[in-house]
Amino acid sequence: MSLADLTFDHWRTLDRDTAARYAGEAARRVDGRLVRLDSTPHLGGVLHHAVVERAGEEYALIPGGRVTVGFDPDTWQPMPEQLASYREESLDGGFGFDEDPRAHLARVMTPRRTVTLPTVLMAVEPAKLPEVPGLVPALLAGRGLRLPAPDEWEHACGAGARTLFRWGNDCPSDTLPYGSGPGPQHRPHAFGLRIAFDVYDTAEMTADPGSVYGGDGGEAVCGGYGTFLEWLPLATANHNPSLADFLNGPEGEDMFEDFHARPVIDLG
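Residues numbered from 1 in each chain as written. Predicted model: local features only at pLDDT ≥ 70, side-chain atom pairs only at ≥ 80, totals over all residues. Heavy atoms only, no water.

This brings us to the sheet that holds strand β2 (residues 45–54). If you walk across this open sheet you meet the five strands as β1-β2-β3-β6-β11, and the pairing is antiparallel. Looking at the sheet topology across the chains shown, the edges are occupied by β1 (33–42) and β11 (264–266). Geometrically, the sheet is characterised by an average inter-axis angle of 30° between neighbouring strands, direction not taken into account. In terms of strand pairing, β2 meets strand β3 (residues 57–62) through four bridges, oriented antiparallel. By the bridge assignment for β3, R54 is matched with E57. On the sheet, helix α2 (residues 16–29) packs against β1, β2, β3 and β6 (120–123) and is oriented at approximately 140° with respect to β1. (Pairing = 2+ DSSP bridges. Helix = DSSP H or I, 4+ residues; strand = E, 2+ residues; numbered from the N terminus. Axes fitted to C-alpha atoms, helices over the stretch in contact; angles between N-to-C directions. Contact = heavy atoms within 4.5 Å.)

Here we come to the pattern of salt bridges. This model, assessed by the stated rule, comprises 14 salt bridges. Two residues, E154 and R113, come together in a salt bridge whose shortest N-O distance is 3.2 Å. One end of the pair, E154, is in helix α6 (residues 150–158); the other, R113, is in strand β5 (residues 113–117), and 41 residues separate them in sequence. Since its relative accessible area comes to 2%, E154 is described here as buried. Taking relative accessible area as the criterion, R113 reaches 21% and is therefore assigned partly exposed. (Salt bridge = Lys/Arg side-chain N within 4 Å of Asp/Glu carboxyl O. Buried < 20%, exposed > 50% of the residue type's maximum accessible area, 1.4 Å probe, protein only.)

Moving on to the pairing of β1. Look at any regular strand and the pattern is simple: side chains alternate between the two faces of the sheet. Across nine bridges, β1 lies against β2 in antiparallel orientation. Its bridge partner lying in β2, S39 is registered against H48.

Looking at helix α4 (residues 101–108), one finds that the buried residues are P101, H104, L105 and V108. Looking straight down α4, one finds that the buried residues subtend no more than 100° of arc, so they occupy a single side. Where the residues of α4 are buried, they touch α3 (80–91), α8 (227–231) and α9 (241–247). Among the residues of α4, the N-terminal cap falls to D100, whose side-chain oxygen and the backbone nitrogen of R102 are separated by 2.9 Å. (Arc of directions from axis to C-beta. Polar contact = N/O pair within 3.5 Å; in protein donor to acceptor, adjacent residues only side chain to side chain.)

This part takes up the sheet that holds strand β9 (residues 212–213). Reading across from one edge, β7-β10-β8-β9 is the order of the four strands in this open sheet, with mixed pairing throughout. Each of the sheet's edge strands pairs with one partner strand only, and the pair in question is β7 (127–128) and β9. With two bridges connecting them, strand β8 (residues 204–205) and strand β10 (residues 260–261) associate as parallel partners. By the bridge assignment for β10, E204 is matched with H260.

What follows deals with the layout of surface pockets. A volume near 320 Å³ is recorded for the largest pocket. For the largest pocket, the lining is made up of 16 residues, of which F97, H104, V108, E219 and S242 are closest to its centre. Of all the elements in the fold, those that place two or more residues in the lining of the largest pocket are α4, α7 (219–223) and α9. Here the residues of the lining of the largest pocket sort into nine nonpolar, four polar and three charged. (1 Å grid on protein atoms, 1.4 Å probe; cavity = no way out; pocket = protein on both sides within 12 Å on 5 of 7 lines; lining within 4 Å. Points joined across faces, edges and corners; volume = space filled by probe spheres on them. Nonpolar A, V, L, I, M, F, W, Y, C, P; charged D, E, K, R; others polar.)

This is the structure:
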């Protein structure tokens, strides 16, 4: 058994005892301890999620290997209510959005792609930025940590799901994409992460300054862009380019505490 051979596809085939052995090895490698191994229904099967405690913080095991991330707007079939929201709320609101919602998605979502990723430990909860974005990588490196690459963040969030959101393609109109209501963003996550569940409070920077995932600081909600676009910042592949520009611009220097970072521990 070697963590170097552990991939997402292999992880999905494991029984509980074998998964526990892999997770225990990951914990030993970082001088941590395995504190939780659970399973959740996922993509028609069951997926284990393992949580390791290290230095008082919890990290989830994220198996890598060859995985598919990103989103293909050309193959997306919007639900009738999503299309109606975009046309009647977003376009009629005069905000200057593209006539075709697929064109809008093409601007804010990363393209579908296949990548090869390492198996890592990733923080279960993101931490608020302790300093302006430019200083965060060095601060994390001093603790043996790093920021996730965009590919890693998307894989960790979606866990193999190719839908718009990690829970599917739907964005319900009877609940809100923020707060503690009963929305799908609060369902148990396949890897055990707390991620992309509140558009106001879960925006996360990555190793790419041009990519901020998990929320838009409430821009779409406050702007009245319409139900569909209010939910869209929680989409797995939405890298929020305008928010990334804001975070890395002069305004971000004064508001960095409103953003988060999710530390990663390498296992190689």
